[in-house]
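An overview of the molecular structure
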Amino acid sequence: MLITISSEATSDERSQLMNLLCRLTGSQQPLAAVRIDKQEVIALEGKALDLDARKAIAEQAAVERTISVKTPYKLVSKALKQETVITIGSGENLIRLGGSDNPPVVIAGPCAVESKEQLLQTARAVRAAGAQILRGGAFKPRTSPYQFQGLGIEGLHLLAEAREETGLPIITEVMEPGMVETVGAFADILQIGSRNMQNYSLLQAAGRNSFGRPVMLKRGLSSTLDEWLLAAEYVVAAGNPNVILCERGIRSFDPQTRNMFDLTCVPLLHELTHLPIVVDPSHATGKRELVPTMSRAGIAAGANGLILETHIDPDNALCDGRQSITPAQLKGIVQETRLLTQLFKGSLSLTHVA
Ligand code: PEP
Ligand code: MN
């Protein structure tokens, strides 16, 4: 159940509502209200509430309306609203990610920040190719402890330098709750990686980050959509409504590709949630030559953006070089993305594209 609070509610009316909710749900702590689009919303599991209880809630002076939600996730569900548009950066670099009116956003950059030269050269190339956000891992969750783990704080400083020079907002991964504020001081978007999708204390810390940074939540290695949406719900319930979902492929049986790119989830998620969805053909396929085609497929499926590992010298990358594209390939994908967007909007005909 979702309960929206009237903006005219007095503090007495609010506490009356909170007391009633605590009593009905058996909760010891007051339920938290989350601010979404200037509206305060309380989510709760309504299964155990009978008709009388629901009626009592709806009749509270502080309540504007109640919405019944059948799914286990509430705040991220389509029952609350149609779409979420997340604004990133400012001025002429202001980007709107999500929503059916905004064109897909391309995020590109290396898997890992390796050096000043590598990052700055890549950032310039990413900008020149027309991508809008720079990615780069400073803290890398590597499968083996003997692999390059990232430059850490130094990597964050280099990302800030690259933003300063190019104007591109940056996204970088945060791996532990205690680092959310440190990474949030640098990043425009916090990335939570696949391996951490169910790290609930990290999700809550990112939900409470004091900078109000949006969070890009990558799908867990073999997570169902419900698990993924509930992970997003953790972030939103902790106070941060700006979550971007990222499909990056799921575990399957065929080693020909690194993962199985579940593009079906894109239109399905648009049915289930108002959150924007970005797709990651790099981690999904693991092969550079497949990335352009699968980028097209992602856009055709309705993704709100692409995240593409891009390196100035992919064959010598310290991390994920096999799936990293060159700046030239990136440029082609950005152009195709624009064309496809125009095509789907009906402002371009197929004969024109051919
Ligand atoms: C990455 O984006 O470099 C990364 C580690 O991704 P994932 O969490 O999807 O494996
Ligand atoms: Mn990577």
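Each remark here, short or long, concerns the structure printed above.
For the structure given in this document, a descriptive report is provided here. (Residues numbered from 1 in each chain as written. Chains lettered and ligands numbered in written order. Predicted model: local features only at pLDDT ≥ 70, side-chain atom pairs only at ≥ 80, totals over all residues. Heavy atoms only, no water.)

1. Some remarks on the site of ligand 1
The condition that has to hold: The nearness test applies per residue and asks whether one of its heavy atoms lies within 4 Å of the molecule or strand. Polar contact criterion, stated in full: a pair of N or O atoms within 3.5 Å, where within protein one must be able to donate a hydrogen and the other to accept it, and residues adjacent in sequence count only if both atoms are side-chain atoms. Per-residue and other accessible areas were derived by the Shrake-Rupley procedure at a 1.4 Å probe size, with only the shown protein chains allowed to occlude residues.
Looking at ligand 1, the residues that line it are Cys-111, Arg-135, Lys-140, Glu-173, Gln-191, Gly-193, Ser-194, Arg-195, Lys-218, Arg-248, His-283 and Glu-309. Within the side chain of Arg-195, a nitrogen or oxygen atom sits 2.9 Å from an oxygen atom of ligand 1. Residue Lys-218 places a side-chain N or O atom 2.9 Å away from an oxygen atom belonging to ligand 1. Burial of ligand 1 by the protein amounts to 97% of the accessible area it has alone, namely 290 Å².

2. Thoughts on the coordination of the manganese ion (ligand 2)
This is how the line gets drawn: Donors, by definition, are the N, O and S atoms found within 2.8 Å of a metal, the threshold being 3.2 Å for Na, K and Ca, and water is not counted, so a site can look incomplete. Here the term buried applies to any residue with accessible area under 20% of the maximum for its type, exposed to any over 50%, and partly exposed to those in between, with areas from a 1.4 Å probe on protein chains only.
With distances of 2.1 to 2.4 Å, the protein atoms coordinating the manganese ion (ligand 2) are Cys-111 (SG), His-283 (NE2), Glu-309 (OE) and Asp-320 (OD). What makes Asp-320 buried here is its relative accessible area of 19%.

3. Details of the sheet that holds strand β2 (residues 33–36)
The pairing of strands in a sheet comes from backbone hydrogen bonds and takes either a parallel or an antiparallel form. Worth spelling out the cut-off: For two strands to pair, DSSP has to find at least two bridges joining them. Helix and strand labels come from DSSP, where a helix needs a run of H or I of at least four residues and a strand needs a run of E of at least two; each type is numbered from the N terminus. Axes here refer to lines fitted to C-alpha atoms; in helices the fit is confined to the stretch in contact. Angles between the N-to-C directions go from 0 to 180 degrees. Here, residues are in contact when the closest pair of their heavy atoms is within 4.5 Å.
Read across the open sheet, the 4 strands follow the order β2-β3-β1-β4; overall the sheet is antiparallel. The outermost strands of the open sheet, each flanked by one partner alone, are β2 and β4 (63–67). Across this sheet, the average inter-strand angle for adjacent strands is 30 degrees, counted without regard to direction. With 4 bridges joining them, β2 and strand β3 (residues 39–43) adopt antiparallel strand pairing. Counterpart to Val-34 in the pairing with β3 is Val-41. Together, β1 (2–5), β3 and β4 form the strand contacts of helix α1 (residues 11–25), whose direction differs from that of β3 by roughly 15 degrees.

4. Considering the pairing of strand β9 (residues 170–173)
We apply this condition: A clockwise path from the first strand over the helix to the second, with the strands pointing away from the viewer, defines a right-handed crossover.
Every second residue of β9 is oriented toward a common face, with Ile-170 and Thr-172 on one face and Ile-171 and Glu-173 on the other, all of them buried. As judged from the 2 bridges shared by strand β8 (residues 133–135) and β9, these two strands associate in the parallel manner. Each residue of the ladder has a partner; that of Arg-135, found in β9, is Ile-171. Between the parallel elements β8 and β9, the chain passes through helix α4 (residues 153–166) in a crossover that is right-handed. Two elements, β9 and strand β10 (residues 189–192), share 3 bridges in a ladder whose sense is parallel. If you follow Ile-171 over to β10, its bridge partner there is Ile-189.

5. Things to note about the sheet that holds strand β7 (residues 105–109)
With respect to topology, 8 strands assemble into a closed barrel ordered β7-β8-β9-β10-β11-β12-β13-β14, the strand pairing being parallel. Between one strand and the next, the sheet's axes are offset by a mean angle of 25 degrees, whatever the strand orientation. For strand β12 (residues 243–247) and strand β13 (residues 277–279), the ladder comprises 3 bridges, and the chain directions are parallel. If you follow Cys-246 over to β13, its bridge partner there is Val-278. Its contacts with the sheet place helix α7 (residues 225–237) against β11 (215–218) and β12, and it is angled at close to 155 degrees to β12.

6. Notes on the pattern of salt bridges
Just so we agree on the cut-off: Salt-bridge detection follows one rule: a side-chain nitrogen of Lys or Arg within 4 Å of a carboxyl oxygen of Asp or Glu.
Summed over all chains, the structure comprises 16 salt bridges. Residues Asp-37 and Lys-81 are paired through a salt bridge, measuring 2.8 Å at the closest nitrogen-oxygen approach. Of this pair, Asp-37 sits in the loop between β2 and β3 while Lys-81 sits in the loop between β4 and β5 (86–88); the two residues are 44 residues apart in sequence, bridging distant segments of the chain. A residue is classified by how much of its surface remains accessible, and Asp-37, at 57% relative accessible area, is exposed. In this structure, Arg-124 engages Glu-165 in a salt bridge whose closest nitrogen and oxygen atoms are separated by 2.6 Å. Here Glu-165 lies in helix α4 and Arg-124 lies in helix α3 (residues 116–129), a separation of 41 residues in the sequence. On the basis of relative accessibility, which here comes to 40%, the residue Arg-124 falls in the partly exposed class. Its relative accessible area of 44% is what places Glu-165 among the partly exposed residues.

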